[in-house]
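# Results of the structural survey
One-letter residues, chain by chain:
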Amino acid sequence: MINGHGDDIYDYAEIKANFSSNVYGRFPHNGLYDHLTQKLPTIENYPEPTPKRLECVVAKHSNISSNEVLVTNGATQAIYQIAQAFRGSHSSVLVPTFSEYADACRMHGHSVSFFQSLKEIPPKTQLVWLCNPNNPTGQLIDKDFLLGTIQSLPDTVFIVDASYAAFVSSPVISPQEAVSLQNVVLLHSMTKDFSIPGLRLGYMTAHATLIDKIALCSVPWTVNQLAIEAGLYIFSHLQDYSIDLIEMLEEACRVSASLQQIGIEVLPSDMHILLCRLPKGRASDLKNFLVGSYGVLIRDASNFEGLDSSYFRIAIQTPKENELLIKGISEWMA
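Quantities reported herein were computed from a predicted structural model and do not represent experimental measurements.

### Some words on the pairing of strand β13 (residues 311-315)
When you tally the buried positions in β13, you get five out of five residues, the bulk of the element. A two-sided burial pattern is seen for β13, the buried positions comprising Tyr 311, Arg 313 and Ala 315 on one face and Phe 312 and Ile 314 on the other. Two elements, strand β10 (residues 273-277) and β13, share five bridges in a ladder whose sense is antiparallel. Across the sheet, residue Cys 276 finds its bridge partner in β13, namely Phe 312.

Structure, rendered in structure tokens:
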């Protein structure tokens, strides 16, 4: 879905507050900028064909082996590479969710089914795709229930996109738990964890047999030199990338309550992402109004499987920006 993503800020001349992106953008990157500036001369050489140095660092951080890690050009590359490795399978996708799972599967000859509950996984499913916590709903599946489901279906491979795991307070499946099983792949996004979407950097953790199968579809040099350097820097400066999760979740609750007071339906969420539904009208019209009148950008969520034109998604920003959003939606509703 090349043109279907939410953060289309590049289409607009001036945006004051960007709620369409689900990337947390409050990290101070000055140290990273200085480091990458010093590393600019390294672009005159090829990077490693596969980013082994970074995989070793990720493995050490996750307390697993380096052969249980595969670094990719963002989590999206991981999605397409997994679909290629399991080409022609029967995949089932838990919806509503990120459309790239189904798109990647179709590109590589999968038959694709959709389902809305882990209790209703379609028969003969070979791969289950789910985002946990989920985009766009922000909802988290209970860890014990998810692990129990995975263990009850040992012949089904579960692709668990954990890109937003840093933004929930409840337990999630850890890399150590994932690699102890032979039918689960965890996807991780440095884009989301460290707010570096322009560098395209992610990785997957899984049992070595799964990593070996997926790695057979790797293309050389998919992760560029500066992205590798950024990853190495970040993992040695993790103290600079902490999130005040309590404050963020409290602000999400406040914004949710304010939107509901003006007539917007807000689905329950376990994180800073809120999926909202208009009582009437189209989210695309609201989006255009907010951009034109307030310089505020939201995500029209109508292209998520199972959602219609009344849905939009926001990611909580600063209290000041959140108030601007609420003011703009209030005016449009009136």
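### Some points on helix α11 (residues 283-294)
Taking 1.5 Å of rise per residue, 12 residues should cover 16 Å, and α11 covers 16 Å from first to last C-alpha, within 8% of that figure. Of the residues making up α11, those classed as buried are Ala 283, Leu 286, Lys 287, Phe 289, Leu 290, Val 291 and Tyr 294. Looking at the buried side of α11, the elements it contacts are β11 (296-297), β12 (299-300), β13 and α12 (319-333).

### Side note on the packing of helix α2 (residues 52-62) against helix α9 (residues 225-235)
Where α2 contacts α9, the axes come no closer than 10 Å and their chain directions differ by 25 degrees. Classified by the angle between their axes, α2 and α9 sit roughly parallel to one another. In this structure, the crossing between α2 and α9 has a hand that is left-handed. Between α2 and α9, the residues in contact are Arg 53, Leu 54, Val 57, Val 58 and His 61 and Gln 225, Ile 228, Glu 229, Gly 231, Leu 232 and Phe 235, respectively. Considered class by class, the residues forming the contact of α2 with α9 number six nonpolar, three polar and two charged.

Parameters and conventions
- Residues numbered from 1 in each chain as written.
- Predicted model: local features only at pLDDT ≥ 70, side-chain atom pairs only at ≥ 80, totals over all residues.
- Heavy atoms only, no water.
- Buried < 20%, exposed > 50% of the residue type's maximum accessible area, 1.4 Å probe, protein only.
- Helix = DSSP H or I, 4+ residues; strand = E, 2+ residues; numbered from the N terminus.
- Pairing = 2+ DSSP bridges.
- Expected span 1.5 Å × (residues − 1).
- Contact = heavy atoms within 4.5 Å.
- Axes fitted to C-alpha atoms, helices over the stretch in contact; angles between N-to-C directions.
- Parallel < 35°, antiparallel > 145°, perpendicular 65-115°, else oblique.
- Left-handed = near helix turned anticlockwise from the far one by under 90°.
- Nonpolar A, V, L, I, M, F, W, Y, C, P; charged D, E, K, R; others polar.

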